[in-house]
Amino acid sequence: LEVVRNVLLYGPPGTGKSLLAGAVSHGLQATFFNVPTSALLSKWFGESARLISTLFRTARQRAPSVVFLDELECLFRSRDASPSGGEHQVLSTLLVEIDGVRTSEQVGPVFVIGATNAPWLMDKAALSRFGRRVYVPLPDAAARKSILEIHLLRKGHQLEFPLDRLVDATEGLSGRQLAYLAAAAVEQMVAEANPDLPEAAAQGLAAQYQIKTRPLRWTDVEPLLAKIQPDTSPAELRRFETWPSS
C-alpha cells in the first residue's frame, strides 16, 4: 500500500490548518517543521533556494518528520503570472525537494503538508505534487460549539445565556475569530468587574489585587458580534467549495 506523503490543506483563513498539521505530526511522533513562507523568501538571488534545500536536508536527517509550509500560494505562484528568474529557481527547488529525493542521510519518511487560502493561484505542476487535497471549511454549528466550549467553559467561565445562542450568532465566523470573540468578551467582563484595577496597577499594587469575575452576560458579547464580520464572503466560500472544477 503506497502512502501519500504530500497533502495540501486548503480553505478559508483561520480554520486551523496549522493546528491540523501539528496534530498529524504529533500523531506520527515525527519532528515538526513549522515553516512560515517569509522564512524561505529572500531578496538575494539564490538565497531562497539554499534555505529550502537546507530545510529539507535537515528534515531528512531528522526523519520521520513533517514539513508544514503555510501560504503556499506565495511560494508556488502560477508560472502564468510571469515570475522572475529568482522565482523560477525557488519553484524548481521546491518541486525537487517535495518529490522526495532519497539520500543516504534519510532514515525515515518526510511528509510535506502544505496550506493555502488561495489554491487557484498555485502553479499546476506544484499542485500535482500533492497526492491528496483536503478542504478545511469554516466551522459548522457543532464545531463552533466545541470551539467556544474550549475557550469559555473549559477555562472556567460561566454564561448567563445559553451557549447555543452564541453558536447561532456566530455563523460564518472562522475558528480564529471565535477565539478572539471569546477572549475579548472575557476581557470586557474582567474590566467591568474590576473598575479599580487600573488605579491599583498605577500604584504598584497589581500583584496584591484579587481579580474579581462574574458570569458572562449577553451584553458582553453583543457589541463584539456587531463589529465582527466574516473574513470569507459567500462568493469566496463557493469558490473554495467548487475548486478545482471552477
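Everything below is about the structure printed above this text.
Residues numbered from 1 in each chain as written. Predicted model: local features only at pLDDT ≥ 70, side-chain atom pairs only at ≥ 80, totals over all residues. Heavy atoms only, no water.

Novice: Just to check I follow, could you spell out unusual backbone geometry for this structure?
Specialist: Residues other than glycine predominantly adopt negative phi, and peptide bonds predominantly adopt the trans conformation. The omega torsion of the bond from Ala-63 to Pro-64 falls at 5 degrees, within 30 degrees of zero and hence cis. You can see Pro-64 is positioned in the loop between helix H2 (47-61) and strand S3 (65-69). Phi is positive for Gln-29, which is not a glycine, with a value near 55 degrees. With respect to the helices and strands, Gln-29 occurs in the loop between helix H1 (17-28) and strand S2 (31-35). The residue Glu-71 is not glycine, and still its phi comes out positive at about 50 degrees. Among the secondary structure elements, Glu-71 is positioned in the loop between S3 and helix H3 (72-75). (Helix = DSSP H or I, 4+ residues; strand = E, 2+ residues; numbered from the N terminus.)

Novice: Even after reading the chapter, I still don't get the sheet that holds strand S1 (residues 6-10), so can you show me in this structure?
Specialist: Pairing is parallel across the open sheet formed by five strands, whose spatial order is S2-S3-S4-S1-S5. Where the open sheet ends on each side, the last strands, each with one partner, are S2 and strand S5 (132-135). In this sheet, adjacent strand axes meet at a mean angle of 20 degrees when their direction is disregarded. Sitting on the sheet, H2 is in contact with S2, S3 and strand S4 (110-116), with an inclination near 155 degrees to S3. (Pairing = 2+ DSSP bridges. Axes fitted to C-alpha atoms, helices over the stretch in contact; angles between N-to-C directions. Contact = heavy atoms within 4.5 Å.)

Novice: I tried to follow the nonpolar core on my own but got confused; where do I start?
Specialist: Across soluble globular proteins, you tend to see nonpolar side chains buried next to one another. Of all hydrophobic cores here, the largest spans 28 residues; its most connected members are Leu-55, Phe-56, Val-67, Leu-69, Leu-72, Phe-76 and Leu-94. Mapped onto this core, the elements with two or more residues apiece are S1, S2, H2, S3, H3, helix H4 (85-98), S4 and helix H5 (124-127). For this core, the element with the highest residue contribution is H4, accounting for five residues. Excluding residues that lie within four positions of it along the chain, Leu-94 makes contacts with Ile-52, Phe-56, Leu-69, Leu-75 and Phe-76. Core analysis: the next-biggest nonpolar cluster, separate from the first, contains 21 residues, Leu-152, Phe-161, Val-167 and Ala-184 among them. (Core = buried A, V, L, I, M, F, W, Y, C linked by side-chain atoms within 4.5 Å. Buried < 20%, exposed > 50% of the residue type's maximum accessible area, 1.4 Å probe, protein only.)

Novice: Would you mind showing me how to read the pattern of salt bridges here?
Specialist: Taken as a whole and assessed by the stated rule, the structure comprises seven salt bridges. Between Arg-214 and Glu-192 there is a salt bridge, and its shortest N-O distance comes to 3.3 Å. Remark: Glu-192 occurs in helix H8 (residues 175-193) and Arg-214 occurs in the loop between helix H9 (197-202) and helix H10 (218-227); sequence separation between them is 22 residues. Accessibility expressed as a relative area gives 40% for Glu-192, which makes it partly exposed. For Arg-217, the salt bridge is made with Glu-192, and the minimal N-O distance between the two is 3.2 Å. One end of the pair, Arg-217, is in the loop between H9 and H10; the other, Glu-192, is in helix H8, and 25 residues separate them in sequence. Overlapping salt bridges bring together Glu-160, Glu-192, Arg-214, Arg-217 and Asp-220 as one network. (Salt bridge = Lys/Arg side-chain N within 4 Å of Asp/Glu carboxyl O.)

Novice: Can you help me understand the environment of Arg-176 in this one?
Specialist: Note that Arg-176 resides in helix H8. Among the residues examined, Arg-176 registers a relative accessible area of 53% and is labelled exposed. For the pair formed by Arg-176 and Ile-147, sequence separation is 29 residues and the distance between their alpha carbons is 9.5 Å. In contact with Arg-176, other than residues within four places in its own chain, are Pro-13 and Gly-14.

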